[in-house]
Amino acid sequence: MNRTAIAIITLGALTIFLGMGVRQANGLFLSPVTSALGIGRETFSLAIALQNMIFGLPLLGILADRVGSRLVLIGGALLYATGLFLFGMVTTPSGLYLTLGLVIGLALSGVGYVVILGAVAQVVPERRRTTVFGLITAAGSLGMFAVVPGAQWLLSSLGWQGAATGLGAVFVMVALLAFGFPGRSPRTSSPTAPEPLGESSLGQALLRASRHRGYWLLNMGFFVCGFHVSFVATHLPAFLTDNGMTAALGATALSLVGLFNLFGSMLAGWLGDRYRKKLLLSGLYLFRAVTISLFLLLPLSVPSALIFGAVIGFLWLATVPLTSGMVAQIFGSRFLSTLYGIVFLSHQLGAFLGVWLGGRVFDATGSYTSVWLLAVALGLAASLVHLPISDKRIRLIESAAN
């Protein structure tokens, strides 16, 4: 790879490191914010659920395919900083929905995986693409490992308002990093990586995807991924404190999720360039179901919480390089930000349900048990839906009605 590709990969990894690291600290704010504002967990969960849904809207991915990643990333980073500053000032549920939900959700769609992976796919040869996607996903995991403990320290030292302001300052740095991205996306990704869709239009790409059964199955599977990771990230700290554990243990468990996802994402990316991605995805979702089942069946303790964080972390976002890699493998990289953005929207719809349902069920029953069981069932279902996907490349002469 040339210097331009290496530079974009590096900047993308740094952006994901900071962006996803701060995002994964949301769960730490649940208890202090609900206590300070005198609201139930469902209210806070609904704000995060709205954030996840708006985060998943593919509008900024489509914009990045048209105007390039630089402007989208700069705007997203500045909007994220603004949202966090305003979040630190809220006093009502409506303010929570507006800042933590709407503003930060929109900002995340501009600095997240959809835009970053779309930019990187344009400069990375196809034979290395899934490996590089795994490295960038791992950067988000490293951010979770490094930023979550820092956010917990800010909460302990400055309170939740001060912590929100401090985290907002991080995104001024992200905006500066964004100046290193290309102003416009090139028409093709690499002279060494022929694309199955060639010079087709965005409309043609969307039509082919809409007629491809495997594309819809990928959407279904990624829905489950969103349900899992958002429910765990938001509610695991509160679940542990409800059962007599410390807040510090919740932060430590989340940081272990980030640390072990670093290894899981890189391994998934490496394996995805060597083995069939759909089979790897099927195995990942099956292991998630098994891991959650064991966490529920075994007595809850400090070691079991930490082991759960490590194991679920290894499986956490290993789905990202494999799912995005499958989209690029089948449809090409020219419109990856759009096509993967639509799949990511499905992920975020699952995230909306996982976060909101967790708060809703807890407020109604005082327990998360039924949501954990649903997470197990969804994991088993996701394991099955990937098996019939046709992962052959689509070419211009094909009808794509697989």
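Scroll up for the structure.
Asks: Before we move on, can you summarise the overall build of the protein with the specific residues and values?
Replies: Assigned secondary structure in the protein consists of 16 helices and 0 strands. In summary, the protein has a C-alpha radius of gyration of 20 Å against a globular reference of 21 Å for 402 residues, a match within 12%. Reported as C-alpha extents along the three principal axes, the dimensions of the protein are approximately 60 × 45 × 30 Å. With 402 residues in all, the protein has 60% of them scored as buried.

Asks: Help me get a handle on empty space enclosed by the protein, residues and values and all.
Replies: A probe as big as a water molecule, rolled over the atoms, marks out the empty space that is left. According to the stated counting rule, one finds 5 cavities of 30 Å³ or more in the structure shown. Taken together, Arg 23, Gln 24, Asn 26, Ile 48, Gln 51, Asn 52, Val 229, Ser 230, Ala 233, Thr 234 and Trp 316 form the lining of the largest cavity. At the level of secondary structure, the elements contributing two or more residues to the lining of the largest cavity comprise helix H3 (41–55) and helix H10 (213–242). For the lining of the largest cavity, the leading source of residues is H10, giving 4 residues. Of the residues belonging to the lining of the largest cavity, the class tally is 4 nonpolar, 6 polar and 1 charged. Met 20, Arg 23, Gln 24, Phe 55, Tyr 113, Val 229, Leu 317, Val 320, Phe 344, His 347 and Gln 348 together form the lining of the second largest cavity. Where the lining of the second largest cavity is concerned, the elements lending two or more residues are helix H1 (3–23) and helix H15 (336–365). Sort the elements by how many residues they give to the lining of the second largest cavity and H15 lands first, with 3 residues.

Asks: Can you break down the packing of H1 against helix H8 (residues 126–177) residue by residue, with the values?
Replies: H8 packs onto H1 with a crossing angle of 40° between their chain directions and a minimal axis gap of 3 Å. Here H1 is positioned oblique relative to H8, judged by the angle of their axes. Considering how the two elements wind past one another, H1 and H8 form a crossing that is right-handed. Residues belonging to the contact of H1 with H8 are distributed by class as follows: 22 nonpolar, 6 polar and no charged.

Asks: With reference to specific residues and values, describe the packing of aromatic side chains.
Replies: Throughout the structure, instances matching the rule amount to 18 aromatic pairs. Taking the centre distance of 4.9 Å and the plane angle of 80° together, the rings of Phe 231 and Trp 372 count as edge-to-face. Within this pair, whereas Phe 231 is found in helix H10, its partner Trp 372 is found in helix H16 (residues 369–385), the two being separated by 141 residues in sequence. Among the residues examined, Phe 231 registers a relative accessible area of 2% and is labelled buried.

Asks: An account of helix H12 (residues 277–297) is needed here, citing residue identities and associated values.
Replies: The end-to-end C-alpha distance of H12 is 30 Å, a good match for the 30 Å that 21 residues give at a rise of 1.5 Å each. Here H12 has its buried residues at Lys 277, Lys 278, Leu 281, Ser 282, Leu 284, Tyr 285, Arg 288, Ala 289, Thr 291, Ile 292 and Phe 295. Here the buried face of H12 lies against H8, H10, helix H11 (247–272), helix H13 (302–315), helix H14 (319–331) and H16.

Asks: Lay out helix H9 (residues 202–210) with the relevant residues and their values.
Replies: Residues of H9 that are buried: Leu 202, Ala 205, Arg 208 and Ala 209. Considered in projection along H9, the buried side chains sweep an arc of 125° and stay on one side of the axis. Looking at the packing, one finds that the buried side of H9 touches helix H4 (59–67), H10, H14 and H15.

Asks: Could you give an account of the pattern of salt bridges, naming the residues involved and the relevant values?
Replies: Here the structure, examined in full by the defined rule, presents 2 salt bridges. Salt-bridge contacts for Asp 242 lead to Arg 41; the nearest nitrogen and oxygen are separated by 2.9 Å. Taken together, the residues Asp 242 in helix H10 and Arg 41 in helix H3 connect sequence positions 201 residues apart. With a relative accessible area of 37%, Asp 242 lands in the partly exposed category. Residue Glu 42 pairs with Arg 360 through a salt bridge whose shortest N-O separation is 3.4 Å. With Glu 42 in helix H3 and Arg 360 in helix H15, this pair connects stretches of sequence that are 318 residues apart. For Glu 42, a relative accessible area of 22% translates into the label partly exposed.

Asks: How would you summarise the environment of Leu 297 if you had to cite specific residues and measurements?
Replies: Here Leu 297 lies in helix H12. Linking Leu 297 and Phe 87, residues 210 residues apart in sequence, is a C-alpha distance of 38 Å.

Asks: I'd like a description of a nonpolar patch on the surface, backed by residues and values.
Replies: Taken together, the side chains of Leu 135, Phe 263, Met 266, Leu 267, Trp 270, Tyr 275 and Phe 314 present a nonpolar region at the surface, about 660 Å² in accessible area. Here the nonpolar patch gets 4 residues from one element, more than from any other, and that element is H11. Within the secondary structure, Phe 314 sits in helix H13. The class of Phe 314 is partly exposed, set by a relative accessible area of 33%.

The rules behind these values
- Residues numbered from 1 in each chain as written.
- Predicted model: local features only at pLDDT ≥ 70, side-chain atom pairs only at ≥ 80, totals over all residues.
- Heavy atoms only, no water.
- Helix = DSSP H or I, 4+ residues; strand = E, 2+ residues; numbered from the N terminus.
- Rg over C-alpha atoms; globule rule 2.2 N^0.38 Å.
- Buried < 20%, exposed > 50% of the residue type's maximum accessible area, 1.4 Å probe, protein only.
- 1 Å grid on protein atoms, 1.4 Å probe; cavity = no way out; pocket = protein on both sides within 12 Å on 5 of 7 lines; lining within 4 Å.
- Points joined across faces, edges and corners; volume = space filled by probe spheres on them.
- Nonpolar A, V, L, I, M, F, W, Y, C, P; charged D, E, K, R; others polar.
- Axes fitted to C-alpha atoms, helices over the stretch in contact; angles between N-to-C directions.
- Parallel < 35°, antiparallel > 145°, perpendicular 65-115°, else oblique.
- Left-handed = near helix turned anticlockwise from the far one by under 90°.
- Phe/Tyr/Trp six-rings, centres within 6.5 Å; stacked < 30°, edge-to-face > 60°.
- Expected span 1.5 Å × (residues − 1).
- Contact = heavy atoms within 4.5 Å.
- Arc of directions from axis to C-beta.
- Salt bridge = Lys/Arg side-chain N within 4 Å of Asp/Glu carboxyl O.
- Patch = residues over 30% accessible without salt bridge, like charges linked within 9 Å, V, L, I, M, F, W, Y side chains within 5 Å.
- Areas by Shrake-Rupley, 256 points an atom, 1.4 Å probe, with all protein chains shown as cover.

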